[in-house]
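Here are the chains, one letter per residue:
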Amino acid sequence: MLRWDKQRGRLERRELWVVEAGELGAYLEREWNWRGLRQAGLIRRTRVDMATGQTKVETTTWVTSLSPQQADPETIAKLLRDHWQIENALHRVRDVTQGEDLHHARVTGLALAAIRSLALNLLRSLGFPLVPDAIRHLRLHPEASLALLTQP
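Just so it is clear, the model here is predicted, and its values are computed rather than measured.

Where do I start with the pattern of salt bridges in this structure?
Two side chains that carry opposite charge are able to pair once their charged atoms sit near each other. Tallying each qualifying case throughout the model produces ten salt bridges. The shortest N-O distance in the salt bridge between E12 and R81 comes to 3.1 Å. One end of the pair, E12, is in strand β2 (residues 10-20); the other, R81, is in helix α2 (residues 73-96), with 69 residues separating them in the sequence. For R81, a relative accessible area of 26% puts it in the partly exposed group. Among the ionic pairs, R45 bridges to E58, the shortest N-O distance being 3.0 Å. Placement of the pair is R45 in strand β3 (residues 39-49) and E58 in strand β4 (residues 55-64), with a sequence separation of 13 residues. Using a relative accessible area of 4% as the deciding quantity, one classes R45 as buried. Under the relative-accessibility criterion, E58 is labelled partly exposed at 27%. A single network of salt bridges, built from pairs that share partners, joins E12, R14, R45, R47, E58 and R81.

Here's what the structure looks like:
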């Protein structure tokens, strides 16, 4: 399957290959006790930056427990795309904006993750399209921080 997209100043070509797990699934189940593998594949993304002309190629593999009847190549492509939207919307924000990977806190991981999620949700409630924009706004208007904490 082949798909082209043009957005955010770049042209992206995505190629998706899908195969039924077959012998690979049987091997992984037998040797590694990895049950349920039904399909596997490869996705190759070629991105061209429209401003610079720079090309970047990224190839990743994937596996799923969904059968070909449950997920055809179009469905798998959508699932893979949705996965990266979650990654970019949540995990990348936490890593880049909050420096999550740099901190080695001694607080329970789940408690700290909940606090960081609360902070992100409060920042997003300000209505800015990007979290760094909300942070800059609060730096310039510290009184708005108190309003965030007292909202219903």
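Teacher, can you tell me more about a nonpolar patch on the surface here?
On the surface, L24, Y27, W32, W34 and V63 cluster together to form a nonpolar patch covering roughly 550 Å² of accessible area. In terms of residue count, the dominant contributor to the nonpolar patch is helix α1 (residues 22-32) (three residues). Note on placement: W34 falls in the loop between α1 and β3. W34 gets classed as partly exposed once you look at its relative accessible area, which sits at 42%.

What am I meant to see in empty space enclosed by the protein here?
Over the atoms, a rolling probe the size of a water molecule traces out where space has been left empty. Taken as a whole, this structure holds one cavity of 30 Å³ or more when the rule is applied. A volume near 40 Å³ is recorded for the largest cavity. Lining the largest cavity are M1, R3, R14, E15, L16, I43 and A77. For the lining of the largest cavity, the element with the most residues is β2, which contributes three residues.

Help me understand the nonpolar core in this model?
When a protein is soluble and globular, its nonpolar side chains tend to lie buried together. By size, the foremost hydrophobic cluster in this structure holds nine residues: V93, L120, L122, L123, V131, A134, L138, A144 and L148. Elements with a contribution of two residues or more to this core: α3 (109-124), α4 (131-140) and α5 (143-150). Leave out the neighbours within four places in its chain, and L138 touches L123, L126, A144, S145 and L148. Core analysis: the second largest hydrophobic core is formed by seven residues, L16, I43, A71 and L80 among them.

Looking at this structure, I do not really get unusual backbone geometry. What am I missing?
Backbone geometry follows two general trends: most residues other than glycine have a negative phi, and most peptide bonds adopt the trans configuration. Phi at N33 takes a positive value of approximately 55°, unusual for a residue other than glycine. By secondary structure assignment, the location of N33 is in the loop between α1 and β3.

About the criteria used
- Residues numbered from 1 in each chain as written.
- Predicted model: local features only at pLDDT ≥ 70, side-chain atom pairs only at ≥ 80, totals over all residues.
- Heavy atoms only, no water.
- Salt bridge = Lys/Arg side-chain N within 4 Å of Asp/Glu carboxyl O.
- Helix = DSSP H or I, 4+ residues; strand = E, 2+ residues; numbered from the N terminus.
- Buried < 20%, exposed > 50% of the residue type's maximum accessible area, 1.4 Å probe, protein only.
- Patch = residues over 30% accessible without salt bridge, like charges linked within 9 Å, V, L, I, M, F, W, Y side chains within 5 Å.
- Areas by Shrake-Rupley, 256 points an atom, 1.4 Å probe, with all protein chains shown as cover.
- 1 Å grid on protein atoms, 1.4 Å probe; cavity = no way out; pocket = protein on both sides within 12 Å on 5 of 7 lines; lining within 4 Å.
- Points joined across faces, edges and corners; volume = space filled by probe spheres on them.
- Core = buried A, V, L, I, M, F, W, Y, C linked by side-chain atoms within 4.5 Å.
- Contact = heavy atoms within 4.5 Å.

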